[in-house]
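Read off the chains here:
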Amino acid sequence: MATVPLFSQFPCKTLVPSSSNTKSQSKSPILLPINSVNRRSEIGISVHRPDFKIRATDIDDEWGQEGVERVLSSSSPVSVAEKVADEAIESVEETERLKRSLADSLYGTDRGLSASSDTRAEISELITQLESKNPTPAPNEALFLLNGKWILAYTSFVGLFPLLSRRIEPLVKVDEISQTIDSDSFTVQNSVRFAGPFSTTSFSTNAKFEIRSPKRVQIKFEQGVIGTPQLTDSIEIPESVEVLGQKIDLNPIKGLLTSVQDTASSVARTISNQPPLKFSLPSDNTQSWLLTTYLDKDLRISRGDGGSVFVLIKEGSSLLNP
């Protein structure tokens, strides 16, 4: 037979027919190879195994336990979801680290007025990195995040530097610059608060804004407002002041200043009861545009005319206390 040469290569066992079938089994004994399935697979003969399954023990023998885990989890939806979640957590942590680093770099720069060139370069790099991780790519479609009062922490807009300079008056300084947005009425109020030894006052501009793109708004200023002075809770007369680069000692005239302070307080109380002064702004140069390049619940970065950048922090955020 043609099969004899093949079967003769393997050890065989002889099956003896039972007595009941002796007459019908008159031919030679049947020869069957031991482990024929395994042998056939070794020499390339295909074997049909409908119930064939990969067993973890077989993988474990060949690749070890790590191989088992890799094979069993490589296509698992759970493992893919976990990987995505881990990457998202890492991205959020990196963004929070960059925000804190930026807040630390802004400390002591007086909104950019007194920042050195090295500090400006560091701030610019941190701003660029945060813009690349912007969690709100379409800020104008998330107006609820824009709502509220934002405190100006830094700007490269040189037009504000004369205002920020403390040489305006010896006893008056810019205490706060803020922007309040109301997305329901599409209004913006820019406000500057001045602080003196006896009271604080403010100057504001009211504007309307229009959405021009997912990131850009057009702003039209309509009205200026001079706020009435508000008495400070505690008035302290400084030991000295600096005028035109010269330090002046105030101790010899503190008694006189105390009397002036009492008079000024009385006048301020009277003025505080008056309504703020409002006036219309001239039509020239009353429009500008603003591009929001980063936005979340704490931090907002915007770019305006001439490439100027503004970093604003939401009122009440921990970033205001580095």
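The model shown is predicted, which means the values in this text are computed figures rather than measured ones. (Residues numbered from 1 in each chain as written. Predicted model: local features only at pLDDT ≥ 70, side-chain atom pairs only at ≥ 80, totals over all residues. Heavy atoms only, no water.)

Peer 1: Can you walk me through a nonpolar patch on the surface in this structure?
Peer 2: A cluster of nonpolar side chains, contributed by Phe203, Ile226, Leu277 and Phe279, occupies part of the molecular surface with about 330 Å² of accessible area. In this structure, Phe203 sits in strand S6 (residues 199-211). (Patch = residues over 30% accessible without salt bridge, like charges linked within 9 Å, V, L, I, M, F, W, Y side chains within 5 Å. Areas by Shrake-Rupley, 256 points an atom, 1.4 Å probe, with all protein chains shown as cover. Salt bridge = Lys/Arg side-chain N within 4 Å of Asp/Glu carboxyl O. Helix = DSSP H or I, 4+ residues; strand = E, 2+ residues; numbered from the N terminus.)

Peer 1: What is the right way to look at the pairing of strand S3 (residues 148-155) in this model?
Peer 2: Here is the key point about a regular strand: its side chains alternate between the two faces of the sheet. Of all eight residues in S3, six are buried; the element is thus mostly enclosed. Relative to strand S4 (residues 173-182), S3 runs antiparallel, the two being bridged by four bridges. Of the residues in S4, the one forming a bridge with Lys149 is Thr180. (Buried < 20%, exposed > 50% of the residue type's maximum accessible area, 1.4 Å probe, protein only. Pairing = 2+ DSSP bridges.)

Peer 1: Looking at this model, I keep getting lost on unusual backbone geometry. Mind explaining?
Peer 2: With glycine set apart, most residues show a phi of negative sign, and most peptide bonds adopt trans. In this model, Asp110 sits at a positive phi of 55°, which is unusual for a non-glycine residue. When you line up the elements, Asp110 lands in the loop between helix H4 (77-106) and helix H5 (117-132). For Asp110, a relative accessible area of 19% gives the class buried. One non-glycine residue, Phe186, adopts positive backbone phi at about 55°. The topology assignment puts Phe186 in the loop between S4 and strand S5 (187-195). Classification of Phe186 as partly exposed rests on a relative accessible area of 32%.

Peer 1: I'm lost on the side chain of Lys99 in this one. Help?
Peer 2: Tracing the chain through its elements places Lys99 in helix H4. Judged by relative accessible area, which is 3%, Lys99 ranks as buried. Within polar-contact distance, the side chain of Lys99 engages the side chain of Asp296 at 2.8 Å. (Polar contact = N/O pair within 3.5 Å; in protein donor to acceptor, adjacent residues only side chain to side chain.)

Peer 1: Looking at this model, I keep getting lost on H5. Mind explaining?
Peer 2: Helical geometry note: an α-helix holds 3.6 residues per turn, so side chains three or four residues apart project in the same direction. The end-to-end C-alpha separation of H5 is 23 Å, in line with the 22 Å expected for 16 residues at 1.5 Å each. Turning to H5, its buried residues are Ile123, Leu126, Ile127, Leu130 and Glu131. Seen end-on, H5 carries its buried residues on one side only, within an arc spanning 135°. Of the residues in H5, the exposed ones pointing more than 90 degrees away from the buried face are Ser117, Asp118 and Ser132. (Expected span 1.5 Å × (residues − 1). Arc of directions from axis to C-beta.)

Peer 1: Please explain the confidence of the model for the protein as it appears in this structure.
Peer 2: Residues shown with low pLDDT carry predicted positions that ought not to be read at fine detail. The pLDDT averaged across the protein works out to 74; a share of 59% of its residues lies at or above 70. Of all secondary-structure elements in the protein, the lowest mean pLDDT belongs to helix H2 (residues 36-43), at 43, while strand S13 (residues 299-303) reaches the highest, 97. With pLDDT under 50 throughout, residues 1-63 is counted as low confidence; its partners more than four residues away or in other chains account for 37 contacts. (pLDDT = per-residue confidence, 0-100. Contact = heavy atoms within 4.5 Å.)

Peer 1: Help me understand the environment of Leu319 in this model?
Peer 2: Tracing the chain through its elements places Leu319 in the segment after strand S14 (309-314). Residue classification places Leu319 among the buried positions, given a relative accessible area of 8%. Each C-alpha atom, one on Leu319 and one on Ala153, is 9.9 Å from the other, the two residues being 166 residues apart in sequence.

Peer 1: I'm lost on the packing of aromatic side chains in this one. Help?
Peer 2: Each pair of aromatic rings is reported with the distance of its centres and the angle of its planes. The full count for this structure, using the stated rule, is two aromatic pairs. Here Phe157 and Phe310 contribute two aromatic rings whose centre-to-centre distance is 6.2 Å and whose plane-to-plane angle is 55°, an arrangement assigned as tilted. A residue pair is termed long-range when its members are at least 10 positions apart, and Phe157 in the loop between S3 and helix H7 (161-164) and Phe310 in strand S14 qualify at 153 residues. Phe157 sits in the partly exposed class, given a relative accessible area of 36%. Residue classification places Phe310 among the buried residues on the basis of a relative accessible area of 17%. Its guanidinium or amino end placed over the ring of Trp289, Arg216 lies 4.5 Å from that ring's centre, counting from NZ or CZ. Sitting above the plane of the Trp150 ring, Arg300 keeps its charged end 5.5 Å from the centroid. (Phe/Tyr/Trp six-rings, centres within 6.5 Å; stacked < 30°, edge-to-face > 60°. Lys NZ or Arg CZ within 6 Å of the ring centre and 35° of its normal.)

Peer 1: Would you take a moment to explain the pattern of salt bridges for this structure?
Peer 2: Opposite charge on two side chains makes pairing possible when the charged atoms of those side chains draw close. For the structure on display, the rule yields twelve salt bridges. The closest approach of N and O atoms between Lys99 and Asp298, which form a salt bridge, is 3.6 Å. Of this pair, Lys99 sits in helix H4 while Asp298 sits in the loop between strand S12 (287-295) and S13; the two residues are 199 residues apart in sequence, bridging distant segments of the chain. Each member of the pair, Lys99 together with Asp298, is buried. Arg212 is paired through a salt bridge with Glu210; the nearest N and O atoms lie 3.1 Å apart. In the salt-bridge network here, residues are joined through shared partners; they are Glu96, Lys99, Asp296, Lys297 and Asp298.

Peer 1: How do you make sense of a negative patch on the surface when you look at a structure like this?
Peer 2: Taken together, the side chains of Glu82, Asp86, Glu87, Glu90 and Glu93 define an acidic patch exposed on the protein surface. Of note, Glu93 is situated in helix H4. (Lys, Arg positive; Asp, Glu negative; His and termini not counted. Charge placed at Lys NZ, Arg CZ, Asp CG, Glu CD.)

Peer 1: Even after reading the chapter, I still don't get the nonpolar core, so can you show me in this structure?
Peer 2: For soluble globular proteins, nonpolar side chains are generally found buried alongside one another. In this structure, Leu152, Leu164, Ile177, Ile181, Phe209 and Ile219 are the most contacted members of the largest nonpolar core, which totals 23 residues. Among all residues touching Ile181, those that are not within four sequence positions of it are Leu146, Asn147, Gly148, Trp150, Thr187, Val188, Phe209 and Arg300. Counting 17 residues, the second largest nonpolar core, distinct from the first, contains Leu106, Leu299, Ile301 and Val309. (Core = buried A, V, L, I, M, F, W, Y, C linked by side-chain atoms within 4.5 Å.)

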